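Architecture at a glance
Below are the chains, spelled out letter by letter.
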Amino acid sequence: MLLKVEGLVVKYGHIEALHGIDLHVEEGEVVTILGANGAGKSTTLLTISGLIRPEKGSISFNHKPIHKLQPHEIVRLGIAQVPEGRRLFGTLTVRENLLLGAITQKDKQGVARMEDRIYNLFPILKERSSQLAGTLSGGEQQMLAIGRALMSRPKLLLLDEPSLGLAPLLVKSIFETLEEINRNEGVTVLLVEQNARAALSIAHRGYVMETGRIVLSEEAKSLLVNPDVKKAYLGGH
Amino acid sequence: MENFLQQLLNGLSLGGIYALIALGYTMVYGVLKLINFAHGDLFTIGAYVGFTLLVSVGITDSVDPMAALIIMGATVMLFVATLGVGLERAAYRPLRHSPRLSAVVSALGASIFFQNAVMLIYGARFHVYPQGLFTKSTLSLFGLYLPLVKVFVLMVSLVVMTLLYFFIQKTLTGAAIRAVAIDHNAARLVGINVDKVVTIVFVVGPALGGLAGLMVGLLYGQITFTMGWLYGLKAFTAAILGGIGNIPGAMLGGIILGIIESMASAYLSIAWKDAVTFVVLILILTIRPTGILGERIAEKV
Ligand SMILES: Nc1ncnc2c1ncn2[C@@H]1O[C@H](COP(=O)(O)OP(=O)(O)OP(=O)(O)O)[C@@H](O)[C@H]1O
Ligand SMILES: [Mg+2]
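Residues numbered from 1 in each chain as written. Chains lettered and ligands numbered in written order. Predicted model: local features only at pLDDT ≥ 70, side-chain atom pairs only at ≥ 80, totals over all residues. Heavy atoms only, no water.

Observations concerning the domain arrangement of chain A
Residues and elements named next belong to chain A. When cut into domains, chain A gives domain 1 (23–52 + 69–78 + 157–237) and domain 2 (88–153). Here the C-alpha centre of domain 2 lies 22 Å away from the C-alpha centre of domain 1. Domain 1 puts 15 residues into the contact, and the matching count from domain 2 is 13 residues. Counting across the domain 1 and domain 2 interface gives 1 salt bridge. Here domain 1 and domain 2 share 2 residue pairs in polar contact (both at pLDDT 80 or more) between them. (Domains from an automatic or database assignment. Contact = heavy atoms within 4.5 Å. Salt bridge = Lys/Arg side-chain N within 4 Å of Asp/Glu carboxyl O. Polar contact = N/O pair within 3.5 Å; in protein donor to acceptor, adjacent residues only side chain to side chain.)

So, the pattern of salt bridges
Close approach of charged atoms allows side chains with opposite charge to pair. Taken as a whole and judged by the stated rule, the model has 14 salt bridges over all chains. Note that Glu140 of chain A and Arg128 of chain A form a salt bridge whose closest N and O atoms lie 3.4 Å from each other. Taken together, the residues Glu140 of chain A in helix H6 (residues 138–150) and Arg128 of chain A in the loop between helix H5 (123–127) and H6 connect sequence positions 12 residues apart. For Glu140 of chain A, a relative accessible area of 12% translates into the label buried. A cluster of three or more residues bridged by salt bridges with shared partners is formed by Glu88, Arg93, Arg96 and Asp195 of chain B. (Helix = DSSP H or I, 4+ residues; strand = E, 2+ residues; numbered from the N terminus. Buried < 20%, exposed > 50% of the residue type's maximum accessible area, 1.4 Å probe, protein only.)

Some remarks on the coordination of the magnesium ion (ligand 2)
Residue and element names in this part refer to chain A. Listed as protein donors to the magnesium ion (ligand 2) are Ser42 (OG) and Glu84 (OE); their distances from the metal cover 1.9 to 2.3 Å. With Ser42 in helix H1 (residues 41–48) and Glu84 in the loop between strand E6 (79–82) and helix H3 (94–101), this residue pair connects regions lying 42 residues apart in the sequence. What makes Ser42 buried here is its relative accessible area of 19%. (Donors = N, O, S within 2.8 Å, 3.2 Å for Na, K, Ca; no water.)

Observations concerning helix H6 (residues 148–170) of chain B
Side chains that are three or four residues apart share a direction in an α-helix, a result of its 3.6 residues per turn. Residue and element names in this part refer to chain B. Between its terminal C-alpha atoms H6 stretches 32 Å, which fits the 33 Å expected from 23 residues at 1.5 Å a residue. By the burial criterion, the buried members of H6 are Val149, Lys150, Val151, Val153, Leu154, Ser157, Val160, Met161, Leu164 and Ile168. Residues of H6 that are buried make contact with helix H1 (2–32), strand E2 (138–141), strand E3 (144–147), helix H7 (172–182), helix H9 (194–220) and helix H11 (247–268). (Expected span 1.5 Å × (residues − 1).)

Structural notes on the side chain of Thr47 of chain A
Residue and element names in this part refer to chain A. Mapped onto the secondary structure, Thr47 falls in helix H1. The class of Thr47 is buried, set by a relative accessible area of 2%. A polar atom in the side chain of Thr47 sits 2.6 Å from the backbone oxygen of Thr43.

Concerning the interface of chain B and chain A
At the interface, 17 residues of chain B touch 22 residues of chain A. Contact between chain B and chain A buries roughly 1800 Å² in total, counting both sides, with carbon and sulfur atoms accounting for 67%. Inspection of the region where chain B meets chain A yields 2 salt bridges. A salt bridge links Glu96 of chain A to Arg178 of chain B, with the nearest nitrogen and oxygen atoms 2.8 Å apart. Linking chain B with chain A are 3 residue pairs in polar contact (both at pLDDT 80 or more). Within the residue set of the side of chain B that touches chain A, elements represented by two or more residues are H7 and helix H8 (184–190) of chain B. Looking at the side of chain B that touches chain A residue by residue, the class counts come to 10 nonpolar, 4 polar and 3 charged. (Buried area = accessible area lost by both parts, 1.4 Å probe. Nonpolar A, V, L, I, M, F, W, Y, C, P; charged D, E, K, R; others polar.)

A look at the sheet that holds strand E10 (residues 213–219) of chain A
All names here are of chain A. If you walk across this open sheet you meet the 6 strands as E6-E7-E8-E3-E9-E10, and the pairing is mixed. Two strands lie at the open edges of the sheet, namely E6 and E10, each paired on one side alone. Direction aside, neighbouring strands of the sheet carry axes that sit 15 degrees apart on average. The sheet contact formed by E6 and strand E7 (residues 156–160) spans 4 bridges and is parallel. (Pairing = 2+ DSSP bridges. Axes fitted to C-alpha atoms, helices over the stretch in contact; angles between N-to-C directions.)

Here we look at a nonpolar patch on the surface
Residues and elements named next belong to chain B. Together, Leu268, Trp272, Val279, Leu283 and Ile287 line one region of the surface with nonpolar side chains, adding up to about 520 Å² of accessible area. In terms of residue count, helix H12 (residues 272–287) provides more of the nonpolar patch than any other element does, 4 residues in total. One can find Trp272 in helix H12. (Patch = residues over 30% accessible without salt bridge, like charges linked within 9 Å, V, L, I, M, F, W, Y side chains within 5 Å. Areas by Shrake-Rupley, 256 points an atom, 1.4 Å probe, with all protein chains shown as cover.)

Regarding the packing of aromatic side chains
Scanning the entire structure with this criterion turns up 9 aromatic pairs over all chains. Judged by centre distance (6.3 Å) and plane angle (45 degrees), the rings of Phe51 of chain B and Tyr129 of chain B are tilted. Here the residue Phe51 of chain B occupies a position in helix H2 (residues 39–55), and Tyr129 of chain B occupies one in the loop between strand E1 (127–128) and E2, the gap between them amounting to 78 residues. Residues Phe51 of chain B and Tyr129 of chain B agree in their burial class; the two are buried. A connected cluster of aromatic rings, assembled from ring pairs, spans Tyr48, Phe51, Tyr122 and Tyr129 of chain B. Lying over the aromatic face of Phe89 of chain A, Arg148 of chain A brings its terminal NZ or CZ to 4.9 Å of the ring centre. (Phe/Tyr/Trp six-rings, centres within 6.5 Å; stacked < 30°, edge-to-face > 60°. Lys NZ or Arg CZ within 6 Å of the ring centre and 35° of its normal.)

What follows is the structure in structure tokens.
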């Protein structure tokens, strides 16, 4: 088991946002977390990445507890995150954004090789490499955010609503790339989405979150036909 | 014309000093969104460490002037950088997640602490740097006689600023510093060790501030334990003028302020020397609060 989250409780001040989350991700899987606004999806990912300290519970990665580690240590162990809203460094160039993604990597040649692989995956980023990240289009920014996260050569890639604000065609292409990254590069994916259809099209399994709790955990195939999921997340048909 | 050029050199050398100090304010503001009120006092300490090396250690007795200058510069920068790192650990890091005002109060406390420490060690009266480090006192250039020390100070600040510019713009560590200034949490998610970046900023900023203190000693001779207040305020104005948080802005703001100040004291009246800074400060804050190169201040506050 690559990632195991047990009994995770997270508070913002006095308000409890996660009331005891259990989830796990096997090596090689694509797992999605679906849920409405405010369900606690981002909180879950940020806690896994070490940006938020849990009140209770544990997170282990490769059977090692990581919930007391600093974010950069977690990245070094092999968990990278593409945050909600991309959070690129807008006044830095595309290339600087990518290289910062590899800041935990000591092996210079490995970084150069990874940079080439990112440019193969997203050729437009190569063309734009000396342009400021803030001047990219929405789709290009999402590619850069994914590329930046991949630069640390993660075993587990966390993505927080990568489809946000993108046209359907772009969503399709981004998700195809994610599938390719999972299949060809052996990167395990934990994907938070509100676009359930797109997420379930590439996921093996999925969780459904509601107000700080996991309420459903099933194979992607069964979630696609689950009446509750259909009603709440697939537009009711 | 000749007077104008002399004044220009005065302005540039003073401006270089303001710029070096302003860089410390602006870099710390960039990564922590905090005004390091103790920065002016770190500058003062730089001046006093230089004084100790010259007078108590008598560094010029054992080595030639050029070597003495290099040793003094290195020692001052190392010493003040160490204090800077200690300051961040003791006064700012524990308050990183506290309300902004706590850190401001802590900064003011640190300033008072440093100032009083200098007074206790060196006494309240002013001290004077011994003359004679610069064997030749003037440099003749295009028929102008330029005081060598001024040319030297200007050259040093230009070289240091150029090096810093390359460090910030061209190295991965520099990019990490810029990234932390843009978005702390995104930087942490990417794997940047923010504490390490903050430490680097508290090495570089205070080192430059300390170096500026040493250069004021060399340039004007007289140092006092309160000198950091006025120089700090002026350099802070320079940082605001260039756009707080903006590194090239601090360099530009420092140079411009230095020139304005020496022109004002030459062509208006010497009494205007200090007042003009505050006129500049008020003007920027009303006309262009983001400074010359600054942007997005609303996002930062
Ligand atoms: N920094 C914060 N301070 C206080 N409360 C927060 C903070 N961030 C999130 N919350 C609250 O925690 C709960 C979960 O938020 P979270 O952002 O994890 O939800 P989400 O599932 O990612 O929602 P969305 O789909 O809108 O991104 C919400 O009630 C939210 O208001
Ligand atoms: Mg969210």
